[in-house]
Amino acid sequence: MIKDKFIKIFQVMLICIFLFSSSFAAGPVDSTPTTLITKPGVLLTFDDCNMINWEKQIPLFKKYGAHVTFFIDKFDKLSPEQIKALKNLEQAGHAIGCHGLRHRRAVEYYKEFGMAKYIEDEIIPAIDIMKDNGFFPTCFAYPMSNNDDSTDTTLLKYFRHLRSGSNLKNKGLVHNNKIFMKIQDIAKAGCLYGSSCQPHTLDDEILVQSYEGMDRAFKNDEIVVLYAHDIRNPETRGPKNYIAIEPLEKLLAYAQKTGLHFYTFDDL
């Protein structure tokens, strides 16, 4: 009798340990959006590991009431200073998403090694290391916009929304229907597509095109998705993919003036 009692207690303890450990494992996120999507808006996103420069722009984002999404890769290689910068960004109302562990091209990797291997090597460890540092990503951005239906279906088991890229050659951003989403369709849209928006100067054509895109989004009750990488001035050293600070401010000011709401991927 006493032995049976101890066996039952031990079994209950094992179940509790399993449930507790499972809650920290990489897996599907809460599917409930945090914001009711009722207004046209802009989803502005930034990729990679430029959080030190991003953090410097917290006052600029606050000036225009802008909340944006930062997609992070190579999280296991970040310094304590970089992680602190991410926490400051999150505390300022910005979303922190996943950009993979090693910035691998999803389609190329799974076609060579299999989908299970891609998830094992690129996704689960990236989610786990983010959770270990207090970040719980609800969204994922494809490195190099390398996705297909198979990767979308698989990754939507781990994230609420995905982001890829779509850029039309020789056509203005406003004509790229893929980067615009009707507000009533956002909740059911697993993968959203964005357009590169990285002007270096105020007379950069992409800045004008972005204005036109935001005008369209407001007029048609849509959300337009844009992405960039670093935020820095042209005369400073850094990654080749960046948006300069002055054009960024013009972009934020124009969105605010137009009446667009700034959404993050966590809002969706």
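Placed above this text is the structure.
First things first, this report covers the structure right here in the doc. (Residues numbered from 1 in each chain as written. Predicted model: local features only at pLDDT ≥ 70, side-chain atom pairs only at ≥ 80, totals over all residues. Heavy atoms only, no water.)

Broken down by element type, the protein carries 9 helices and 11 strands. When each of the 268 residues of the protein is scored for burial, the buried share is 50%. Across the protein, every contact between residues at least 6 apart in sequence was considered, and the portion connecting residues at least 24 apart equals 77%. Only carbon and sulfur atoms are counted for the fraction: they give 55% of the accessible area of the protein, which is about 13,700 Å². (Helix = DSSP H or I, 4+ residues; strand = E, 2+ residues; numbered from the N terminus. Buried < 20%, exposed > 50% of the residue type's maximum accessible area, 1.4 Å probe, protein only. Contact = heavy atoms within 4.5 Å. Areas by Shrake-Rupley, 256 points an atom, 1.4 Å probe, with all protein chains shown as cover.)

Relative to the helices and strands, arginine 160 is located in the loop between α7 (149–155) and β5 (161–165). It turns out arginine 160 is buried and unbridged, and the closest side chain with the opposite charge, aspartate 266, is 4.9 Å from it. (Lys, Arg positive; Asp, Glu negative; His and termini not counted. Salt bridge = Lys/Arg side-chain N within 4 Å of Asp/Glu carboxyl O.)

This part is about the pattern of salt bridges. Throughout the structure, instances matching the rule amount to 10 salt bridges. Salt-bridge contacts for glutamate 222 lead to arginine 216; the nearest nitrogen and oxygen are separated by 3.0 Å. A relative accessible area of 16% means that arginine 216 is categorised as buried. The salt bridge partner of aspartate 230 is arginine 232, with a shortest N-O separation of 3.7 Å. Residue class for aspartate 230 comes out buried when judged on its relative accessible area of 1%. Given the relative accessible area of 8%, arginine 232 is considered buried.

Looking at helix α5 (residues 106–113), one finds that the buried residues are Ala106, Val107, Tyr109 and Tyr110. Within α5, the buried residues cover an arc of 165 degrees as seen down the axis, which keeps them to one side. For α5, the exposed residues set more than 90 degrees away from the buried face come down to Lys111 and Glu112. Turning to α5, the residues buried within the fold contact α6 (115–132) and α7. Trailing α5 by a residue or two, glycine 114 shows a phi angle of about 100 degrees, which is positive. (Arc of directions from axis to C-beta.)

As a further point, take the pairing of strand β3 (residues 95–98). Going residue by residue along β3, you find Ala95 and Gly97 tucked away on one face and Ile96 and Cys98 tucked away on the opposite face as well. As for the winding sense of the linkage, the β-α-β connection from strand β2 (residues 69–72) through helix α4 (residues 80–91) to β3 is right-handed. (Right-handed = clockwise from strand over helix to strand, strands pointing away.)

This part takes up the nonpolar core. Counting residues in hydrophobic clusters, the biggest one holds 62 residues, and the most contacted among them are Phe46 and Tyr118. Sorting elements by how many residues they give to this core places α6 first, with 7 residues. Ignoring anything within four residues of it in the chain, the contact list for tyrosine 118 reads Ala106, Tyr109, Tyr110, Ile123, Phe140 and Leu155. The next biggest cluster of nonpolar side chains, apart from the first, holds 15 residues, and it includes Ile37, Cys139, Ile186 and Leu192. (Core = buried A, V, L, I, M, F, W, Y, C linked by side-chain atoms within 4.5 Å.)

Attention now moves to the side chain of glutamine 198. By secondary structure assignment, the location of glutamine 198 is in the loop between β7 (191–196) and α8 (205–219). Classification of glutamine 198 as buried rests on a relative accessible area of 14%. Looking at glutamine 198, its side chain comes within polar contact range of the side chain of serine 196, at 3.3 Å. At 3.4 Å, the side chain of glutamine 198 forms a polar contact with the backbone nitrogen of tyrosine 242. Ignoring sequence-local partners within four residues, the contact set of glutamine 198 consists of Asp204, Ile206, Tyr227, Ala228, His229, Asn241, Tyr242 and Ile243. (Polar contact = N/O pair within 3.5 Å; in protein donor to acceptor, adjacent residues only side chain to side chain.)

Moving on, we come to α6. The terminal C-alpha atoms of α6, which comprises 18 residues, lie 24 Å apart, in line with the 26 Å expected from a rise of 1.5 Å per residue. In α6, a bend of some 30 degrees at isoleucine 123 exceeds every other bend along the element, and proline 125, a proline, comes one to four places later. For α6, the full list of buried residues reads Met115, Tyr118, Ile119, Asp121, Glu122, Ile123, Ala126, Ile127, Met130 and Lys131. Where α6 is buried, its residues touch β3, α5, β4 (139–141) and α7. Backbone geometry just after α6 places glycine 134 at a positive phi near 90 degrees. (Expected span 1.5 Å × (residues − 1). Bend = angle between axes of the 7 residues up to and from the residue.)

This next bit is on unusual backbone geometry. The phi dihedral of lysine 74 falls on the positive side, at around 50 degrees, and the residue is not glycine. If you trace the backbone, lysine 74 turns up in the loop between β2 and α4. The partly exposed category is assigned to lysine 74, whose relative accessible area is 31%. In this model, methionine 144 sits at a positive phi of 60 degrees, which is unusual for a non-glycine residue. You can see methionine 144 is positioned in the loop between β4 and α7.

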